[in-house]
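Structural features, examined
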Amino acid sequence: MSENKPKSIATIKVCVHKDCRAKGSEQIYENLKEGLFPDEAVVLKVSDCFGYCKMGPNIAINDNIVKGVKPFLAVETVRQELRDPSCKADGLGSKPLDALDDVLDSIDKL
Ligand code: FES
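Before going into details, it helps to say that this report is about the structure given with it. For every chain, the first residue of the written sequence is number 1, and numbering continues from 1 along that sequence. Two thresholds apply to this predicted model, a pLDDT of at least 70 for residue-level local features and 80 or more for giving and counting side-chain atom pairs, whereas whole-chain, interface and lining totals are computed over all residues. Side-chain numbers come from the whole structure's heavy atoms, not from hydrogens or water.

**Side note on helix α2 (residues 25–35)**
The buried label applies to any residue whose accessible area, calculated with a 1.4 Å probe on protein chains only, is under 20% of its type's maximum; exposed applies above 50%, and partly exposed to all values in between. Helix and strand assignments come from DSSP, with helices taken as H or I runs of at least 4 residues and strands as E runs of at least 2, each series counted from the N terminus. All buried positions along α2 are accounted for by Ser25, Ile28, Tyr29 and Leu32. For α2, the buried positions fall inside an angular range of 100° around the axis, keeping them on one side. Any two residues whose heavy atoms approach within 4.5 Å are treated as being in contact. In this fold, the buried residues of α2 make contact with β1 (10–15), α1 (18–22), β2 (41–46), β3 (59–61) and α3 (74–83). The arc in question is the one spanned by the directions pointing from the helix axis to the C-beta atoms.

**A short note on the packing of α2 against α3**
Orientation is described by axes fitted as lines to C-alpha atoms, over the contacting stretch for helices, and by angles from 0 to 180 degrees between their N-to-C directions. Between α2 and α3, the shortest axis-to-axis distance is 8 Å and the interhelical angle comes to 65°. Considered as vectors, α2 and α3 are oriented roughly perpendicular to each other. Residues Ile28, Asn31, Leu32 and Gly35 of α2 touch α3, and the partners they reach there are Ala74, Val75, Val78 and Arg79. Residue polarity is assigned by list, with Asp, Glu, Lys and Arg as charged and Ala, Val, Leu, Ile, Met, Phe, Trp, Tyr, Cys and Pro as nonpolar; anything else, Gly included, falls into the polar class. Its residues placed into classes, the contact of α2 with α3 shows five nonpolar, two polar and one charged. Angle categories are assigned with fixed cut-offs, so that under 35 degrees is roughly parallel, over 145 is roughly antiparallel, 65 to 115 is roughly perpendicular, and the rest are oblique.

**Regarding the sheet that holds β1**
A strand pair is defined by DSSP finding two or more bridges across the two strands. Here we have four strands laid out as an open sheet, ordered β2-β1-β3-β4, and mixed in their pairing. For this open sheet the edge positions go to β2 and β4 (64–66), each flanked by a neighbour on one side alone. On average, each strand axis in the sheet is inclined to that of its neighbour by 25°, with strand direction left out of account. Bridge analysis of β1 against β2 gives six bridges, and the strand direction is parallel. Each bridged residue has a counterpart across the sheet, and for Thr11 the counterpart in β2 is Val42.

Keep in mind these values describe shape, not function.
Now the structure itself:
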């Protein structure tokens, strides 16, 4: 029965490295901490750049990178992604962070 199924809690990582920070990622972090319920997600600041600085501010939702998050829409963006994860045309948006090394390696070989 689905009612007995434990609800999984998402992990949201907010990039607060310099470029994302300059574009409002600290506000995204604050909005997510205030707007999401504790049983929805754990929200973390990470200072390791995701490598998509020009497209920031960026967050990772269960290690799927979501680029260009608007601070005032951060909570809605996360809830939408949790309901229906986006699959970007470049395929990178749906890959976990660990898998990005493989993507970068394959690009280097071209
Ligand atoms: S500074 Fe955030 S992705 Fe590079």
